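Structural description and commentary
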Amino acid sequence: MEAKDAIDLKLVKTDLEATDKDDILRELATLLYEEGKVTDVDGFLKDVYAREAEGQTGIGNYVAIPHGKSEFVSTSVVAIGVNKSEIPWETLDGNGVKVVILFAVGNDAEAAKEHLKLLSLFARKLGNDQVVSSLLKATNPTSVYEAFQ
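Described below are features of the structure shown in this document. What you are looking at is a predicted structure, and each value in this text was computed from that prediction instead of being measured.

Turning to the overall build of the protein, a few remarks are in order. In terms of helices and strands, the protein carries 5 helices and 6 strands. Along the protein, from the amino end to the carboxyl end, the secondary structure elements read β-α-α-β-β-β-β-β-α-α-α. At 14 Å, the protein has a C-alpha radius of gyration in line with the 15 Å of a compact globule built from 149 residues. In terms of overall dimensions, the protein has C-alpha extents of about 35 × 30 × 25 Å along its principal axes. The burial tally for the protein puts 46% of its 149 residues in the buried class. When contacts within the protein are restricted to residue pairs at least 6 apart in sequence, long-range pairs at least 24 apart make up 69% of them. Total accessible area computed for the protein in this model is approximately 7,100 Å², and 46% of it derives from carbon and sulfur atoms.

Structure representation (structure tokens):
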């Protein structure tokens, strides 16, 4: 399995106009809810913010990989958002964020294994500057998917 295999085009939004972390996380969580991947937006976001409190998820190069292990996740998936402008985020390089890859993971043992696998797949790809550059320029779900090829 590769990172691109974990991407569902219905869970990718580009040209977002979020102004802060709350906006973009709520937009992506709502998308997950609408697609039946989470059962409660507020409950899921509470779990995401609990994880955010443990340490920064901004990995640099304008990318963040927030994640929440939550009882409100029905299927482990990722939602990807590309924002039009940089938003404030705690990051390793001090820059803000334009690309958010939100991991939604159940809180049982099997989901934890799936989470580590997904995180590893995406981290490997996000270490490639060409992948990140393509993501930052992505204008539709297909171009996000193609960035991970």
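Next comes the rest of the account.
Below, the discussion takes up helix α1 (residues 21-34). Given a rise of 1.5 Å per residue, 14 residues ought to cover 20 Å, and the 20 Å separating the end C-alpha atoms of α1 matches this to within 8%. Contact partners of the buried residues in α1: β1 (12-16), α2 (41-52), β5 (77-87) and β6 (97-105). One side-chain oxygen of the residue at the start of α1 lies 3.2 Å from the amide nitrogen of Asp 22, identifying that residue as Asp 20. Two residues or fewer past α1, Gly 36 is found with a positive phi of approximately 75°.

Counting across every chain of the model gives 5 salt bridges. Put simply, Lys 84 and Glu 17 hold a salt bridge, and the shortest N to O gap is 3.0 Å. Here Lys 84 is found in strand β5, whereas its partner Glu 17 is found in the loop between β1 and α1, with 67 residues between them in sequence. Judged by relative accessible area, Lys 84 falls into the partly exposed class, the value being 48%. Connected through shared salt-bridge partners, Lys 21, Glu 52 and Glu 90 make up one network.

A separate point is α2. A rise of 1.5 Å per residue sets the reference length of α2, with its 12 residues, at 16 Å; its end C-alpha atoms lie 16 Å apart and thus fit the reference within 8%. All buried positions along α2 are accounted for by Val 41, Gly 43, Phe 44, Leu 45, Val 48 and Glu 52. In the core, the buried residues of α2 are packed alongside α1, β4 (67-69) and β6. Of the residues that open α2, the one with a side-chain oxygen 3.2 Å from the backbone nitrogen of Asp 42 is Asp 40.

The next point concerns the side chain of Thr 57. Position of Thr 57 among the secondary structure elements: in the loop between α2 and β2 (58-60). Among the polar contacts listed, one links the side chain of Thr 57 to the side chain of Trp 89, at a separation of 3.2 Å. The contact partners of Thr 57, leaving out residues within four places of it in the chain, are Arg 51, Glu 52, Val 63, Ala 64, Ile 65, Pro 66, His 67, Trp 89 and Glu 90.

Conventions used here
- Here the residue numbering is sequential within each chain, running from 1 through the sequence in written order.
- With pLDDT at 70 or above as the cut-off, local features in this predicted model cover only qualifying residues; side-chain atom pairs require 80 or more to be listed or tallied, and sums for whole chains, interfaces and linings still use all residues.
- Each side-chain value is worked out from all heavy atoms of the structure, with water and hydrogens disregarded.
- Strands are runs of DSSP state E lasting at least 2 residues, helices are runs of H or I lasting at least 4, and numbering of each runs from the N terminus.
- It is over C-alpha atoms that the radius of gyration is taken, and the globule rule equals 2.2 Å times the number of residues to the power 0.38.
- Exposure categories follow from relative accessible area, calculated using a 1.4 Å probe and restricted to protein chains: below 20% of the type maximum is buried, above 50% is exposed, and the middle band is partly exposed.
- Residues count as neighbours in contact if any of their non-hydrogen atoms are within 4.5 Å of one another.
- Surface accessibility in these figures is a Shrake-Rupley result with a 1.4 Å probe; residues are shielded only by whichever protein chains are displayed.
- Helix span, expected: 1.5 Å multiplied by one less than the number of residues in the helix.
- Two N or O atoms form a polar contact when they lie within 3.5 Å of each other; inside protein one atom must be a possible hydrogen donor and the other a possible acceptor, and for residues adjacent in sequence the pair counts only when both atoms belong to side chains.
- We define a salt bridge as a side-chain nitrogen of Lys or Arg found within 4 Å of a carboxyl oxygen belonging to Asp or Glu.

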